[in-house]
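# Report on the structure
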Amino acid sequence: MKTTNEGQAHPLPADPGDLGRRVAHRRAQLGLTRELVAERGSLDPGFLEYLETHPVPVGVTTLTRLADALDTTVASLLGGGREVPPGRARANARVLLESLDPAACWRKLDRRGVGRVVLMAPRGLVALPVNYRVLDATILFRTEADGTLAKAAGSEIAFEVDQLDEVFATGWSVLVNGTVSLVSDEEAVRWSRQHADPRPWAGGPRDTWMRIRPTGISGRIIRPEGPPIIEPD
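Our subject in this report is the structure included herewith. Remember, it's a predicted structure, so these values are computed and weren't measured experimentally.

This part takes up helix α4 (residues 60-69). Considered for burial, the residues of α4 that qualify are L63, L66, A67 and A69. Looking down the long axis of α4, one finds its buried residues gathered within 165° of arc, a one-sided arrangement. The exposed set on the far side of α4, more than 90 degrees from its buried face, consists of V60, T61 and D68. Residue D71 follows α4 closely and has a positive phi angle near 50°.

Following this line, the structure appears as structure tokens:
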């Protein structure tokens with residue numbers, strides 16, 4: 001039941017709305033503070049904070065300033081292209097294609113998120129998305145006890161993670177080859193207590209933990225021409 005803040009000791013948190021979430025997400029992608037985004041867009045930092053935490057009607061002029069400050073488009077901030085496959089932006093001629101060393105690959109993977117497990121199933125090769133995390137140079141995820149992924153225990157698989165920037169037509173991808181196995185209940189309990197679970201977005205019970213032990217890892221990055229990007233440790 002929804003309630004108001006009047007006479008309430010613990011008010012419900014505000015819903016930032018889709019625009020606020022996209023602005024906050026894009027700002028985090030670029031590693032920018034609210035103050036810097038506000039300065040770039042000639043906006044008030046207080047307004048930007050409120051926008052990221054409350055549903056706010058925003059005019060075209062302000063949307064354009066936000067998009068410019070965040071190096072994106074008004075359409076992207078409004079959710080345009082969500083159903084469009086990625087990679088439709090025009091290729092950038094001034095980019096470099098480089099290989100990532102293993103350490104850089106692990107730094108990319110350690111950001112967590114969603115990756116794809118590629119395996120052989122009875123119907124042929126399949127690629128299944130999973131929420132994952134990295135622990136002790138292995139990749140952990142949860143799945144259904146009787147699902148396709150659980151039945152692949154003991155087999156060789158591939159695991160791929162990537163990120164694209166539609167604005168600059170750049171991105172990176174990391175590919176892991178390895179063996180997937182079931183994780184014992186004791187190990188799962190210990191890990192879940194020590195670390196945040198890789199909670200699946202998909203609904204339903206997904207209490208079977210699995211681990212990928214890599215036998216090889218490689219990656220590539222497409223970046224704008226210029227000095228090499230120094231990855232943070």
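Read on, since the account is not over.
A few words on the side chain of R206. Along the chain, R206 turns up in the loop between α8 (185-194) and β7 (208-224). Although R206 is buried, it forms no salt bridge, and the closest oppositely charged side chain is E144 at an N-O distance of 4.1 Å.

Our focus in this paragraph is the environment of R34. Relative to the elements of secondary structure, R34 occurs in helix α2 (residues 34-40). It is 6.7 Å that separates the C-alpha atoms of R34 and L48, two residues lying 14 residues apart in sequence. Residues within four places of R34 in sequence aside, it is in contact with R27, L48, E49, E52 and T53. Reaching out from R34, the side chain makes a polar contact with the side chain of E52 at a distance of 2.9 Å.

To continue, consider unusual backbone geometry. Positive phi, close to 50°, is recorded for D71, a residue that is not glycine. Residue position: D71 is located in the loop between α4 and α5 (74-77). A positive phi is found at D136, a non-glycine position, where the angle reads about 55°. Among the structural elements, D136 can be located in the loop between β3 (124-135) and β4 (138-143).

Here we come to the environment of A137. Within the element layout of this structure, A137 appears in the loop between β3 and β4. Taking relative accessible area as the criterion, A137 reaches 47% and is therefore assigned partly exposed. Put simply, A137 and P214 are 77 residues apart on the chain and 7.9 Å apart in space, counted from C-alpha to C-alpha.

Enumeration according to the criterion identifies 1 aromatic pair in this entry. Ring geometry for Y132 and F159: centres 5.1 Å apart, planes at 75°, overall edge-to-face. With a gap of 27 residues between them, Y132 in strand β3 and F159 in strand β5 (residues 156-165) connect regions that are remote in the sequence.

Analysis parameters
- Residues numbered from 1 in each chain as written.
- Predicted model: local features only at pLDDT ≥ 70, side-chain atom pairs only at ≥ 80, totals over all residues.
- Heavy atoms only, no water.
- Buried < 20%, exposed > 50% of the residue type's maximum accessible area, 1.4 Å probe, protein only.
- Helix = DSSP H or I, 4+ residues; strand = E, 2+ residues; numbered from the N terminus.
- Arc of directions from axis to C-beta.
- Lys, Arg positive; Asp, Glu negative; His and termini not counted.
- Salt bridge = Lys/Arg side-chain N within 4 Å of Asp/Glu carboxyl O.
- Contact = heavy atoms within 4.5 Å.
- Polar contact = N/O pair within 3.5 Å; in protein donor to acceptor, adjacent residues only side chain to side chain.
- Phe/Tyr/Trp six-rings, centres within 6.5 Å; stacked < 30°, edge-to-face > 60°.

This is a description of form; function is not addressed.
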